[in-house]
Amino acid sequence: MRKAAPTLVLTGGQVLTVDGDFSVTEGVAVRGREILATGSDAEMRALAGPGTRLVELGGRTVLPGLNDSHLHGAAYGMTKPPFAIDVGHPAVGSIADIAAAVRHAAAAARPGEWITGLGWDPGYLAECLADPRRFPHRRDLDAVAPHHPVCLTDFSSHMVWANSEALRRCGIEAGSTPPPGGVVDRDADGEPTGILREAAQRLVQAALPAPTIAQRRQAIQGVVNELHTRGITSYTEPGLGPGGTGTLFGGLSTDNWTAYAELVADGELHARVSVLLLPAPMGGSADDLLKGLEELRRPESADPRRLNAIGVKIFADGVPPNRTAWMNEPYPDGGHGALCVHGDTPALQVAELREMIGIAHRAGFQLGVHVTGDRAIDTVVEAFVAANAATPRPDARHYVIHGDFIGAGSLAKLAAHGYGVNMNPAIKWTISDLMDEVVGPERSAYQWPVRTAIDAGVRVCASSDAPITEPDWRQGVAAMMLRESKASGRTSGPEQRVTLAEALRAYTATPAWQDFADDWKGTLQPGKAADLCVLDRPLLDLDPHEITDVQVDLTVFDGAVVHER
């Protein structure tokens, strides 16, 4: 008896299976929700039956559904109208442009209503470029919105720019003490400038009106629809829980887990979302982590292949552009940065961080730790190893998130224990010129050493960190292959370039490993989930500079077409 025919056959193209050998074939057949077969044009056509949809590829490329393995989906959805105004490059090019956007928003707002925005970057603001001493200030916003509180989160989501009315409402004044792991910038008179860094952001963000669960569902669905147009069928939501309550719109709060869980239960989540739980806030303690884990437990999902809580997120330090990454060597203008966990001294903070990592490891969770400075990374990786020595777990799949300045010693330890690193090539593309000034040209060129990590045997995932950059894997792949600057086109660290195959693995097969799902997704092989995308041209041998021009013609999720251009 002949088996049922495939429901969909794509043939006559360049099918990149991204299997262990990076096999390339001509066609792929789908039956129901699974890949049935891959093979030659003749083999695929022979499988087709009268009810099979046949797609003639005409040389176009087919990839596994892309997996953006660090994408704040709910938060990204809430950075768009009607939730926030766009104050990022290229929508604005100056402080004056941002002021104009805030003036327009204030004119349309109800009296006293909050004005929120996202994306500003001093590296692209004309006034800051003309005078390095010039930085956004509350007075810039006071002039256009004196009676509306204004909260503008920067492109990195590690800094807030607020006006005087926002500071007044939140009780931030000359004598205010920032929370642990936070910085309140002050002027020569000791008055707050309106710039709040790291954990201090929550002083303002926590006061913003919280969206309803229905609004959060709407934001998530909008993001998933956008991701489908980009060929993305899986992503990791890196941090949802009580530790995210004070983030912008509660973008990392437990309410977003609720919204996701409701969507799954109602059959309305058309993506595969892996979740890192966020029990403790930035600047938090081991006690915060224990309390948060007790509150969260391990939440259940109606369909673990669409929503699965697999790990715990911890913040270890800040970010290099803000000089809050904890570095071995000082920044050119002084300071080493610091850890952003509870503790009055670096030694106490290290002990606290090790205890937090130990708690999550013993509880059976995968750990994803936000850490960027080389000194902080060494601390985190040593804590991974110590936690595993005390409580052996053969396949924990812990990973370093960002890992900007990860050194050879930490890479060797990650490789030896089967741990990973999750890097952000589009951020490298965005800030490489700025980082020459922040850390010096040599360290800037090394930042995000993908080639070194792969050669060391470490599993490397690549991701957008949206809303920090657009969730665009094409830009990420091009950036990994080119290491060029968005602003100047200059190459930064050409020795860290990788091949097309290595870059594509970092957006497909390796994230499936990170998700504990490499046995059923991430490659185009028989028996795996029918998640795939069709590009508008052949990808092999394409000039890397042209990858960002590639369009997604078709996206298939779970065997169903969810986007067709």
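Reference entry: report on the structure contained in this document. All residue numbers here refer to positions counted from 1 along the written sequence of the relevant chain. Only residues with pLDDT of at least 70 get local features here, since the model is predicted, and only at 80 or more are side-chain atom pairs given and counted; chain-wide, interface and lining totals rely on the full set of residues. Neither water nor hydrogens contribute to the side-chain values; these are computed over all heavy atoms in the structure.

**Points about the sheet that holds strand β6 (residues 53-56)**
Now for step 1: What makes two strands pair is DSSP finding at least two bridges between them. A run of H or I in DSSP counts as a helix once it spans at least four residues, and a run of E counts as a strand once it spans at least two, with each numbered from the N terminus. With respect to topology, four strands assemble into an open sheet ordered β5-β4-β1-β6, the strand pairing being mixed. Two strands close off the open sheet at either side, each with one partner strand: β5 (34-39) and β6. On average, each strand axis in the sheet is tilted by 15° relative to the strand beside it, whichever way the strands run.
Now for step 2: Here strand β1 (residues 8-11) pairs with β6 via four bridges, running parallel. The residue bridging Leu 8 from the neighbouring strand is Arg 53, located in β6. Every angle, taken between N-to-C directions, lies between 0 and 180 degrees, and every axis is a line fitted to C-alpha atoms, over only the stretch in contact when it is a helix.

**Some points on helix α11 (residues 346-362)**
Now for step 1: Helices are assigned an expected span. That span is 1.5 Å times one less than the residue count. Relative to the 24 Å expected for 17 residues at 1.5 Å per residue, α11 spans 24 Å between its end C-alpha atoms, a close match to the ideal helical length.
Now for step 2: Exposed residues in this analysis have more than 50% of their type's maximum accessible area, buried residues have under 20%, and partly exposed residues fall in between, with area computed by a 1.4 Å probe over protein chains only. Here α11 has its buried residues at Gln 349, Glu 352, Leu 353, Met 356, Ile 357, Gly 358, Ile 359, Ala 360 and His 361.
Now for step 3: The contact definition used throughout considers only heavy atoms, calling two residues in contact when any of these lie within 4.5 Å. Structurally, α11 contributes buried residues whose contacts are with α10 (286-296), β17 (307-315), β18 (366-371) and α12 (374-390).
Now for step 4: Downstream of α11 by one or two residues, Gly 364 has phi in the positive range, about 90°.

**Quick word on the sheet that holds strand β22 (residues 532-535)**
Now for step 1: Strand order in the open sheet formed by six strands is β3-β2-β7-β22-β23-β24, and the pairing between neighbours is mixed. Here the strands that pair on one side only, and so sit at the sheet edges, are β3 (24-25) and β24 (560-564).
Now for step 2: Direction of pairing for strand β7 (residues 61-64) relative to β22: antiparallel, over a ladder of three bridges. Paired with Pro 64 across the bridge in β22 is Leu 532.

**Observations regarding the state of the cysteines**
Cysteine pairs can be linked by a disulfide, which is a covalent bond between their two sulfur atoms.
Now for step 1: By disulfide we mean two sulfur atoms from cysteines, separated by a distance within 2.5 Å. Enumeration over the complete set of coordinates arrives at zero disulfides.
Now for step 2: Not part of a disulfide, Cys 128 finds its nearest cysteine sulfur in Cys 151, a span of 18 Å.
Now for step 3: Accessibility expressed as a relative area gives 9% for Cys 128, which makes it buried.
Now for step 4: You can see Cys 340 has no disulfide; the closest cysteine sulfur is in Cys 151, sitting 18 Å from it.

**A look at the packing of aromatic side chains**
Now for step 1: Working definition: rings of Phe, Tyr and Trp (its six-membered ring) pair if their centres are within 6.5 Å, and the pair is stacked with planes under 30 degrees apart, edge-to-face with planes over 60 apart, and tilted otherwise. Using the criterion set out here, one finds three aromatic pairs in the structure.
Now for step 2: Judged by centre distance (5.4 Å) and plane angle (70°), the ring pair of Trp 120 and Trp 161 falls under edge-to-face. Note that Trp 120 is positioned in strand β10 (residues 115-120) and Trp 161 in strand β12 (residues 159-162), a separation of 41 residues in sequence.
Now for step 3: Here the aromatic rings of Phe 384 and Tyr 419 are separated by 5.6 Å at their centres, their planes lie at 75°, and the arrangement is edge-to-face. Of this pair, Phe 384 sits in helix α12 while Tyr 419 sits in the loop between α13 (408-417) and β20 (420-423); the two residues are 35 residues apart in sequence, bridging distant segments of the chain.
Now for step 4: Classification of Tyr 419 as buried rests on a relative accessible area of 2%.
Now for step 5: Taken together, Trp 120, Phe 135 and Trp 161 form an aromatic cluster joined through their ring pairs.
Now for step 6: In this scheme, Lys NZ or Arg CZ marks a charge over a ring once it lies within 6 Å of the ring centre and within 35 degrees of the ring normal. The ring of Trp 520 carries Arg 305 above its face, with NZ or CZ at 4.1 Å from the centroid.
Now for step 7: We note Lys 486 situated over the ring of Tyr 124; from NZ or CZ to the ring centre the distance is 5.5 Å.

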